[in-house]
Amino acid sequence: MAQQDYDVVVIGAGPAGYVAAIRCAQLGLKTACIDRWRDDAGKERLGGTCLNVGCIPSKALLESSELYEHTRKHLGTHGVHVGDVELDLAGMMSRKDRLIGNLTQGIQGLFKANKVTWLKGQGQLQGERKVCFTSHDGKEEILEPEHIILAPGSHSVELKCAPYDGKYIVDSTGALAFDEVPKRLGVIGGGVIGLELGSVWRRLGSEVVVLEAQDRFLSFCDDQVSQEALKIFGKQGLDIRLSARVTDTQVDEDKGTVTVMYEDEQGRHEERFDRLVVCVGRRPSTDGLVSGPVELLIDERGAIHVDDHCKTTLPNVYAVGDAVRGPMLAHKGSEEGVMVAERIAGMGSTLNYETIPSVIYTLPEIAWVGKTEQELKNKGIPYSVGVFPFAASGRARAMEDTTGFVKLLAHADTDRLLGAHVISSRASELIAECVIALEFGASSEDLGRTVFAHPTLSEAVHEAALATLGHPLHIPPGKKG
Ligand SMILES: Cc1cc2nc3c(=O)[nH]c(=O)nc-3n(C[C@H](O)[C@H](O)[C@H](O)COP(=O)(O)OP(=O)(O)OC[C@H]3O[C@@H](n4cnc5c(N)ncnc54)[C@H](O)[C@@H]3O)c2cc1C
């Protein structure tokens, strides 16, 4: 039966798709959102990767594990002494699961309130204006909306030499649900997800080895930040091995272990772990998204080709989020969703891809926006740099957490801010003020002349701006962080 009355059909209810759907509905468009996600118990869930097995569960476990470690190791400094601190892993996991349950229900509530129709099942593009919806119980329906937004997201890349078995070798989803703390945990991939998950389990008691194929640590971060991070994580006990290319793995069911073979500059090595997490990247989930002779251009990585406004090669078909070019970040997908919804409604919305912040939620956190120092050097852009260490921050000292620094980069001629890099406790929050500054085209002088509350961690941004101008107040001028 053909049903023609939706203005917009969105495929995928992750942060890109569900936000697009809500914004469409706010703008008066009759909207349906198709999603096939079901949890282990078979219950349909909105929120996609981010909510169910990504951003939220990882942050929940990072928070809990941080509290556990903090209570065990650092409360004494404040004169607070507790007895033996006990880990209730099942309790920690059920808090995470409750949180996910509440938040997915929250989206359900928002769909209801905004009158977005949630279609539970599979969506497939079958032509310019045709979507085949197959419900979980197998019923097919052809929808013919005016506009289609594809937001199918991404999934973990599997390594041939380390295939997932759901028990010993797992992806990030498996590592968010271990039912005991592995004694030795191997992590393949020293990127954002590998470091976050490695941190969780190290804090809970695992001996963690991170095997990273690249010779540079966090190569996408500012060099000064990645060097500092490598030192700090090493001191915390994360054993990070660079230039380590995994060649093979062997599971031994009897011993309950997995052996990893890898090569580096010194030769071949073997390491035995109780569990192995593979976090080597994610790939767009576009398999089976399109059927028939539909001329939707999909590149060799599986990403849907789009222009700056997320228009695909088909009229009235848009694509947003992890399934298209750009960083695989929830907030990037959501903002693309908003842009597309508004463009469908006739507005001229755009998205500034130059000011999308990135965050790694380790401790310290690492956050950045704009250009790195090495990028500016490579492009021959003249710049000035200002660094302010948290060791000189009164608030950080009161918090007993003085690790890290703020680093700002400004154009040497115009003083316009070009990049901001923060490694510290709550860097994820501090970066927001830098994002606003870059978005508004601020100069470091603009930030230097802004009043920041005292004592706050945010003063470090103010001081870094003053340092860029050569006259910080709370460190000797000319001192490099
Ligand atoms: C462990 C982990 C931690 C992360 N932490 C962060 C973080 O802290 N911050 C951050 O910004 N990002 C983080 N990310 C990345 C973030 O989760 C993604 O960038 C984000 O989820 C992408 O949103 P999306 O809507 O494009 O896709 P997804 O969230 O992947 O959602 C896609 C949805 O589409 C559905 N779908 C796909 N194909 C079809 C189809 N044919 N029919 C019906 N439904 C379909 C899927 O079921 C899914 O629900 C993390 C990722 C992981 C794995």
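That block above? That's the structure.
Attention in this report is confined to the structure presented alongside it. Counting starts from 1 at the beginning of each chain's written sequence and moves along it residue by residue. Reporting of local features is limited, given that this is a predicted model, to residues whose pLDDT is at least 70; pairs of side-chain atoms are given and counted only at 80 or more, and all residues count toward the totals for whole chains, interfaces and linings. In computing side-chain properties, one takes all heavy atoms of the structure into account and sets aside hydrogens as well as water.

### Brief notes about the packing of helix H3 (residues 55-73) against helix H4 (residues 89-114)
Reasoning step 1: The interhelical angle for the contact between H3 and H4, taken along N-to-C directions, is 145 degrees, at an axis separation of 9 Å. As H3 runs across H4, the sense of the crossing is right-handed. Taking contact as the criterion, the partners of Ile 56, Pro 57, Ala 60, Leu 61, Glu 63, Ser 64, Ser 65 and Tyr 68 in H3 are, on H4, Met 92, Met 93, Arg 95, Lys 96, Leu 99, Ile 100 and Leu 103.
Reasoning step 2: Lys, Arg, Asp and Glu make up the charged group, whereas Ala, Val, Leu, Ile, Met, Phe, Trp, Tyr, Cys and Pro make up the nonpolar group; the residues left over, Gly among them, are polar. Looking at side-chain class alone, the contact of H3 with H4 contains 10 nonpolar, two polar and three charged residues. Between N-to-C directions, angles cover 0 to 180 degrees, with each direction set by a line fitted to C-alpha atoms, over the stretch in contact for helices. Under the scheme used here, helices are H or I runs from DSSP no shorter than 4 residues and strands are E runs no shorter than 2 residues, and both carry numbers assigned from the N terminus. Note: crossing handedness is left-handed where the near helix turns anticlockwise from the far helix by less than a right angle, and right-handed where it turns clockwise. Note on contacts: a residue pair is in contact if any heavy atoms of the two residues lie within 4.5 Å.

### Points about the sheet that holds strand E14 (residues 257-264)
Reasoning step 1: When DSSP locates at least two bridges between a pair of strands, those strands are taken to pair. If you walk across this open sheet you meet the three strands as E13-E14-E15, and the pairing is antiparallel. Since the sheet does not close on itself, it has two edges, and those belong to strand E13 (245-252) and strand E15 (267-273), each with one partner. Strand after strand, the sheet turns through a mean of 20 degrees between neighbouring axes, direction not considered.
Reasoning step 2: With seven bridges joining them, E14 and E15 adopt antiparallel strand pairing. By the bridge assignment, Thr 259 is partnered in E15 with Arg 272.

### Section: the packing of helix H1 (residues 15-26) against H4
Reasoning step 1: As a packed pair, H1 and H4 sit with axes 9 Å apart at the nearest point and diverge in direction by 20 degrees. By the angle between their axes, H1 is roughly parallel relative to H4. The hand of the H1/H4 crossing is left-handed. Here Tyr 18, Ala 21, Ile 22, Ala 25 and Gln 26 of H1 lie close against H4, whose contacting residues are Ile 107, Leu 110, Phe 111 and Asn 114.
Reasoning step 2: Of the residues that constitute the contact of H1 with H4, the class distribution is seven nonpolar, two polar and no charged. Reported orientations rely on four angle classes, namely roughly parallel under 35 degrees, roughly antiparallel over 145, roughly perpendicular from 65 to 115, and oblique for the rest.

### Focus: the environment of His 462
Reasoning step 1: With respect to the helices and strands, His 462 occurs in helix H13 (residues 459-468).
Reasoning step 2: With residues up to four places along the chain from it excluded, the contact list for His 462 reads Leu 447, Gly 448, Thr 450 and Phe 452.

### Quick word on the site of the ligand
Reasoning step 1: Near is defined per residue: the residue qualifies when any heavy atom it owns lies within 4 Å of the molecule or strand. Not every one of the 37 residues close to the ligand is listed here, only the nearest: Asp 35, Thr 49, Lys 59, Asp 322 and Ala 330.
Reasoning step 2: A 3.5 Å cut-off defines polar contacts: any pair of N or O atoms within that distance qualifies, except that in protein one atom must be a possible hydrogen donor and the other a possible acceptor, and neighbouring residues in sequence count only when both atoms are side-chain atoms. Within the backbone of Met 328, an N or O atom sits 3.3 Å from an oxygen atom of the ligand.
Reasoning step 3: At 3.4 Å from an oxygen atom of the ligand is found a side-chain nitrogen or oxygen belonging to His 331.
Reasoning step 4: For the shell around the ligand, the elements supplying multiple residues, two or more each, are H1, strand E3 (31-35), helix H2 (48-53), H3, strand E4 (117-127) and helix H8 (330-344).
Reasoning step 5: Per-element accounting of the shell around the ligand gives the leading share, four residues, to H2.
Reasoning step 6: In the shell around the ligand, the residues fall into 17 nonpolar, 15 polar and five charged.

### Some points on the environment of Ser 285
Reasoning step 1: Here Ser 285 is to be found in the loop between strand E17 (282-284) and strand E18 (317-319).
Reasoning step 2: Taking C-alpha positions, Ser 285 is 45 Å from Leu 466, a pair spaced 181 residues apart along the chain.
Reasoning step 3: Ser 285 has contacts with Arg 36, Pro 152, Gly 153, Ser 154 and His 155, leaving out every residue within four places of it along the chain.
Reasoning step 4: Polar contacts involving the side chain of Ser 285 include one to the side chain of His 155, which spans 2.9 Å.

### Overview of the environment of Asn 352
Reasoning step 1: Along the chain, the position of Asn 352 falls in the loop between H8 and strand E19 (358-360).
Reasoning step 2: Taking the C-alpha atoms as reference points, Asn 352 and Lys 332, 20 residues apart in sequence, are found 9.9 Å from one another.
Reasoning step 3: A polar contact of 3.0 Å, which involves the side chain of Asn 352, links it to the backbone nitrogen of Glu 354.
Reasoning step 4: Within polar-contact distance, the side chain of Asn 352 engages the side chain of Glu 439 at 3.2 Å.

### With respect to the pattern of salt bridges
Reasoning step 1: Salt bridges are defined by distance alone: a side-chain nitrogen of Lys or Arg within 4 Å of a carboxyl oxygen of Asp or Glu. This structure, assessed with the given rule, holds 27 salt bridges.
Reasoning step 2: Here Lys 139 ties to Asp 137 by a salt bridge, and the two come within 3.8 Å at their closest N and O atoms.
Reasoning step 3: When its relative accessible area of 59% is taken as the criterion, Asp 137 is described as exposed.
Reasoning step 4: Taking the shortest distance from any N to any O, the salt bridge between Arg 449 and Glu 445 comes out at 2.6 Å.
Reasoning step 5: Under the relative-accessibility criterion, Arg 449 is labelled exposed at 68%.
Reasoning step 6: A simple rule labels every residue: compare its accessible area, found with a 1.4 Å probe on the protein chains alone, to the largest value its type can have, and call it buried under 20%, exposed over 50%, or partly exposed in between. Classification of Glu 445 by relative accessible area gives partly exposed; the value is 34%.

### Thoughts on the sheet that holds strand E10 (residues 184-188)
Each strand in a sheet pairs with its neighbour through backbone hydrogen bonds, running either in the same direction (parallel) or in the opposite one (antiparallel).
Reasoning step 1: Strand order in the open sheet formed by five strands is E9-E16-E10-E11-E12, with parallel pairing between adjacent strands. Either end of the sheet is taken by a strand with one partner, and the two such strands are strand E9 (169-170) and strand E12 (239-241).
Reasoning step 2: Both E9 and strand E16 (residues 275-278) contribute to a ladder of two bridges, which runs parallel. Looking at the pairing, Ile 169 lines up with Leu 276 of E16.

### Describing the packing of aromatic side chains
Reasoning step 1: Think of it this way: a Phe, Tyr or Trp ring, Trp meaning its six-membered ring, pairs with another when their centres are within 6.5 Å, and the plane angle makes it stacked under 30 degrees, edge-to-face over 60, tilted otherwise. Enumeration according to the criterion identifies three aromatic pairs in this entry.
Reasoning step 2: Note on geometry: a ring has a charge over it if NZ (lysine) or CZ (arginine) is within 6 Å of the ring centre and within 35 degrees of the ring normal. The lysine or arginine in question, Lys 30, covers the ring of Tyr 6, its NZ or CZ lying 5.1 Å from the ring centre.

### Some remarks on the layout of surface pockets
Reasoning step 1: Only protein atoms enter the 1 Å grid, on which a cavity is a set of points fitting a 1.4 Å probe that cannot get out and a pocket is an open set with protein on both sides within 12 Å along at least 5 of 7 lines, lining residues being those with an atom within 4 Å of a point. Grid points are joined across faces, edges and corners, and a volume is the space filled by probe spheres set on the points. Estimated volume of the second largest pocket: approximately 720 Å³.
Reasoning step 2: Taken together, 23 residues make up the lining of the second largest pocket; nearest its centre are His 70, His 74, Leu 363, Glu 400 and Asp 401.
Reasoning step 3: If you list the elements that add at least two residues to the lining of the second largest pocket, you get H3, helix H6 (192-203) and helix H7 (223-236).
Reasoning step 4: Considering each element in turn, the lining of the second largest pocket owes the most residues, six residues, to H3.
Reasoning step 5: Here the residues of the lining of the second largest pocket are counted per class, giving five nonpolar, nine polar and nine charged.

### Overview of the state of the cysteines
Each disulfide consists of a covalent bond between the sulfur atoms of two cysteine residues.
Reasoning step 1: Any two cysteine sulfur atoms lying within 2.5 Å of each other are counted as a disulfide. Under the criterion given, the structure shown has zero disulfides.
Reasoning step 2: Residue Cys 161 stays outside any disulfide, its sulfur separated by 14 Å from that of Cys 279, the closest cysteine.

### Considerations on the side chain of His 462
Reasoning step 1: Judged by relative accessible area, His 462 falls into the buried class, the value being 15%.
Reasoning step 2: Polar contacts involving the side chain of His 462 include one to the main-chain carbonyl oxygen of Thr 450, which spans 3.3 Å.

### Brief notes about H7
An α-helical segment advances 3.6 residues per turn. Residues three or four places apart therefore align on the same side.
Reasoning step 1: For a helix, the expected span equals 1.5 Å multiplied by the residue count minus one. Along its 14 residues, H7 runs 20 Å from first to last C-alpha, staying within 8% of the 20 Å computed at 1.5 Å per residue.
Reasoning step 2: What H7 keeps buried is the set Val 225, Ser 226, Ala 229, Ile 232 and Phe 233. The buried side chains of H7 occupy one side of the element, clustering within an arc of 130 degrees when seen end-on. Opposite its buried face, H7 presents the exposed residues Gln 227, Lys 231 and Lys 235, each directed more than 90 degrees away.
Reasoning step 3: In this structure, the buried side of H7 is in contact with H6, E12, strand E20 (365-370), strand E22 (405-411) and strand E23 (417-424).
Reasoning step 4: Where H7 starts, the residue carrying a side-chain oxygen 3.1 Å from the main-chain nitrogen of Gln 224 turns out to be Asp 222.
Reasoning step 5: One or two positions beyond H7, positive phi appears at Gly 237, with a value near 105 degrees. Starting at the helix axis, one direction is taken to each C-beta atom, and the arc is that of these directions.

Taken by themselves, the reported measurements are silent on function.
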